[in-house]
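Chain by chain, the residues:
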Amino acid sequence: MSQADAMADIPHLLLVDDERSIREPLAQYLTKQGFRVTQAGDAESARMRMAAYAIDLVVLDIMMPGEDGLSLCRHIRATGETPVILLTARAEETDRIVGLEMGADDYVVKPFSPRELAARIKVVLRRTAAGGTRQHAPDAGSYAFAGWVLKTGERTLVDREGVSVPLSTGEYNLLLALVQRPRQVLTRDQLLDLTQGREAAAFDRAIDNQVSRLRRKIEADPKAPDIIKTVWGGGYALSAEVTRL
Amino acid sequence: MIRPFPRSLAGQMALLVALALALAQAINFTLALRERDQFRRDQTTRPAAIRIADALDREAEGRPIDAERGRVRRAAANPITPSMEAQPALAAELRRQLAEQGVRARHVAIAIAHRGEYVVPDDAVGRRMARRRRNADVILIAVQQPSGAWLTIAGFWPRDEERLFWQLVGQTLILYAVVLLPVLWIARRISRPLKALAIAARGYSPADPPDPVEPRGPADVQAVILAFNALSLRVTGMLDEKDRMLGAIGHDLRTPLAALRVRIESVEDDADRTRMAETIAEMNRTLDDILSLARLGRPSEPATQVDLGALVDAVVEDFRDLGEDVTFDEPPRVAMTLRPSLMRRAVRNLIENAVKYAGTAEVSLEPAAEAVAIRVCDRGPGIPVERLGDVFAPFTRLETSRNRDTGGIGLGLALARAIVEEAKGTLTLANRDGGGLVATITLPRV
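Note that the structure is a prediction, hence the values are computed from the model and not measured. (Residues numbered from 1 in each chain as written. Chains lettered and ligands numbered in written order. Predicted model: local features only at pLDDT ≥ 70, side-chain atom pairs only at ≥ 80, totals over all residues.)

Draft legend 1. Representation of the overall build of chain A in the model. Helix and strand counts for chain A come out as nine helices and twelve strands. Counting only residues that meet the buried cut, chain A has 38% of its 245 residues in that class. Partitioning the contacts of chain A with sequence separation of at least 6, the portion at a separation of at least 24 is 56%. (Helix = DSSP H or I, 4+ residues; strand = E, 2+ residues; numbered from the N terminus. Buried ≥ 20, exposed ≤ 12 C-beta atoms within 10 Å, placed from the backbone. Contact = placed C-beta atoms within 7 Å.)

Draft legend 2. Summary view of the overall build of chain B. Tallying secondary structure elements over chain B gives nine helices and twelve strands in all. Looking at chain B as a whole, 25% of its 446 residues qualify as buried. Long-range pairs, those at least 24 residues apart, make up 66% of the contacts in chain B between residues at least 6 apart in sequence.

Draft legend 3. Structural context of the nonpolar core. Core analysis: the largest hydrophobic core is formed by 67 residues, its most contacted members being Leu175(A), Leu178(A), Val312(B), Ala346(B), Ile351(B) and Ile419(B). Contact partners of Ile351(B), with chain neighbours within four places excluded, come to Val315(B), Val316(B), Phe319(B), Val326(B), Ala361(B), Val363(B) and Val376(B). (Core = buried A, V, L, I, M, F, W, Y, C linked by C-beta atoms within 7 Å.)

Draft legend 4. Up close: the sheet that holds strand 2 (residues 85-86) of chain B. All names here are of chain B. Taken in spatial order, the five strands make up an open sheet running 1-5-4-3-2, and their pairing is antiparallel. A single partner strand is all that each edge strand has here, and the edge strands are strand 1 (72-75) and strand 2. Judged from the four bridges that link them, strand 1 and strand 5 (residues 150-157) form a sheet pairing that is antiparallel. Each residue of the ladder has a partner; that of Arg 73, found in strand 5, is Thr 152. Contacts between helix 2 (residues 88-100) and the sheet are confined to strand 2, strand 3 (107-113) and strand 4 (137-144), with strand 3 contributing the most and set at about 140° to the helix. (Pairing = 2+ DSSP bridges. Axes fitted to C-alpha atoms, helices over the stretch in contact; angles between N-to-C directions.)

Draft legend 5. Region of the structure containing the packing of helix 1 (residues 9-60) of chain B against helix 2 of chain B. All names here are of chain B. In contact at an axis separation of 9 Å, helix 1 and helix 2 are set at 40° when each is read in the N-to-C sense. Between helix 1 and helix 2, the angle is such that the two are oblique. In the packing of helix 1 onto helix 2, the handedness of the crossing is right-handed. In this structure, helix 1 uses Arg 41, Thr 44, Thr 45, Arg 46, Ala 48, Ala 49 and Ile 52 to contact helix 2, whose residues at the interface are Leu 90, Glu 93, Leu 94, Gln 97 and Leu 98. (Parallel < 35°, antiparallel > 145°, perpendicular 65-115°, else oblique. Left-handed = near helix turned anticlockwise from the far one by under 90°.)

Draft legend 6. Spatial organisation of the interface of chain A and chain B. Listed as interface residues are 35 residues of chain A and, on the opposing side, 34 residues of chain B. Listed by contribution, the elements that provide at least two residues to the side of chain A that touches chain B are helix 2 (20-32), helix 5 (93-101), strand 9 (164-165), helix 7 (169-180) and helix 9 (207-218) of chain A. Take the side of chain A that touches chain B: its biggest share by element is five residues, from helix 2 of chain A. Per-class residue counts for the side of chain A that touches chain B are 16 nonpolar, nine polar and ten charged. (Nonpolar A, V, L, I, M, F, W, Y, C, P; charged D, E, K, R; others polar.)

Draft legend 7. Region of interest: unusual backbone geometry. Of note, the bond from Lys110(A) into Pro111(A) is cis; its omega dihedral lies within 30 degrees of zero at -5°. As for its placement among the helices and strands, Pro111(A) is situated in the loop between strand 5 (106-109) and helix 6 (114-131). At Lys424(B), a position not held by glycine, the phi torsion is positive, near 65°. Here Lys424(B) shows up in the loop between helix 9 (412-422) and strand 11 (426-431). Using a count of 10 C-beta atoms within 10 Å as the deciding quantity, one classes Lys424(B) as exposed.

Draft legend 8. Examining the pairing of strand 4 (residues 84-88) of chain A more closely. All names here are of chain A. Burial analysis of strand 4 places five of its five residues in the buried class, the great majority of the element. Both strand 3 (residues 57-61) and strand 4 contribute to a ladder of four bridges, which runs parallel. Note that in strand 4 the partner of Leu 60 across the bridge is Leu 86. Read as a crossover between parallel neighbours, the route from strand 3 over helix 4 (residues 69-79) to strand 4 is right-handed. Alignment of strand 4 against strand 5, held across four bridges, turns out to be parallel. Pairing of Ile 85 across the sheet is with Asp 106, part of strand 5. (Right-handed = clockwise from strand over helix to strand, strands pointing away.)

Draft legend 9. Representation of helix 3 (residues 43-52) of chain A in the model. Residue and element names in this part refer to chain A. Within helix 3 the residues assigned to the buried category are Ala 43, Ala 46 and Met 50. Looking straight down helix 3, one finds its buried side chains confined to an arc of 55°; they lie on one side. Within helix 3, the exposed residues directed more than 90 degrees away from the buried face are Glu 44, Met 48, Ala 51 and Ala 52. (Arc of directions from axis to C-beta.)

Draft legend 10. Quick peek at the environment of Leu87(A). Residues and elements named next belong to chain A. Turning to its location among the elements, Leu 87 is positioned in strand 4. Taking the number of C-beta atoms within 10 Å as the measure of exposure, Leu 87 has 26 and is therefore buried. Residues in contact with Leu 87, not counting those within four places in the same chain, are Asp 17, Val 59, Leu 60, Asp 61, Ile 62, Val 108 and Lys 110.

Draft legend 11. How the structure looks around the sheet that holds strand 2 (residues 36-40) of chain A. Residues and elements named next belong to chain A. Spatially, five strands are ordered 2-1-3-4-5 in an open sheet, and the strand pairing comes out parallel. Edge positions in the sheet fall to strand 2 and strand 5, since each of these pairs with one other strand and no more. The average undirected angle you get between the axes of adjacent strands in this sheet is 20°. The strands that helix 2 touches are strand 1 (12-16) and strand 2; relative to strand 2, the one it contacts most, it runs at about 165°.

Listed below in structure tokens is the structure:
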């Protein structure tokens, strides 16, 4: 009984990759990080493992012989709520977008740092646990607000005339955090937490600085901001109506 | 601009045929003129000789030749003046004809009088002649009898060279219409499909599936078009194959890199592990660069409207986030149509170089009416003038560089230039006054 409880507390990952040279050391590493890891070498055995165990999260390689990762990802999404993190060999835009459209929760590009992967697994698990029901993937779809559209797949901001305004990594993460929580007051600490899941290095700089840069890009008058409001007492809120597209 | 000589097939064929026809017509004209001259000589001399002989016969029968009446008249003196156009050949012919008729003459002269030099007498004969031929010259025949008396015959001499000339022009035009139109038609039948072929060949882009040119025109031209269609299919097929191969190479190299990256996590020594991770990251970046450079002819990213100022600013901001000293004043909005990820890569590579060699970079963007210039300036060691051109060649590294430790195999500039040129722009390097290097991307504003 106590052993079963302990097992239930440990997140159970399914690691799907046809490359043993990656799969085995990675499983070892993740086990050391406190996960329970089940391995699968192809899509078919992955399906069998998913049926046999209560899997909390799937780490899935896109490029596999036979049925590929994208197809398996779609299957997982169609049959349940289990979150998926994709391993992709290419940083190509299209792969990332397709993967996220298939319903993946996150992705890492090979060669990835196992630490980063572990950190992302934890973020996704926390989000799933906190949400009760599974939330939308952070990177799927687009958000429309105040005449702007934030396209998350392509990671670009597009204005009324269809001209895209490229954002730095930091600006993008901050804007995404704000747009996903319209009319909520977010303190600087919360914003740091929310944006740190991705490229941590990008967030050495203060939130205030990023906010003022974002305002210069999207506000009609950056000195009297209408979209990103400063909230008295410390924090920011997106005051515009947001529509998910 | 009108070229003195047409360069198109139709133009050259038409010109050549026109020149050949004109030459043939000129030869015909000359021959016709000579024949007419011969005919006129006969027409002039033979009747004149007969008339004179006839008049002399009648005089012998007691009907004297009058000075005021008849075709053959008496004259007090030679009516031919030196200003008239003497016709010695005609005169010699007439003398021969007269001799044949048994008429002896001391002197025979024929001349053509232009208008005003001789007035045809206003009598029955003169009026009859004038009625038929207005504005013509007058031919005067003067024969001096052995007695010293003069006999003259005057007649109109039609000037028909001009008429003949226009006749020739008319004939030539008819020939042109009959011959040139079919020539032009056949030339166009050849040149039209050739032109379409040239356009297709110029517009060939490996990025799009080839659009076969419709085989038209004569069989020879159709064969060329079909061969071109097959060739473009083959080229696209080869490029597809190259893409697949590069994808496979990328995958095959990344997989062991990824395995290595996972394994080094078990290395105990932090410094060692960090160095290994950096080496792997560097190898991966190089692999990325090689694949990007090789695939640049067929970019998968579509061109979109992008604010170039924000694009450069975003790249600069990413460098600042990493703690690099890069300055940039964000300019007003500059909307351009380009492939944003690739252009980001190009700008990033230039700034990366500046930061690597000089530690700092000053970036500026100058929008002008025709083109936009992105400048990345540094105060580093610069590049010797004679080697400025070399650094674009892939895998070039200058001896002066000190980046052996930080990596970089000299693909950065080659990739940046390839990206900029794919966007129809230029990338140039120049040394700055006071030391350092300036890299300038110039992009045309469409």
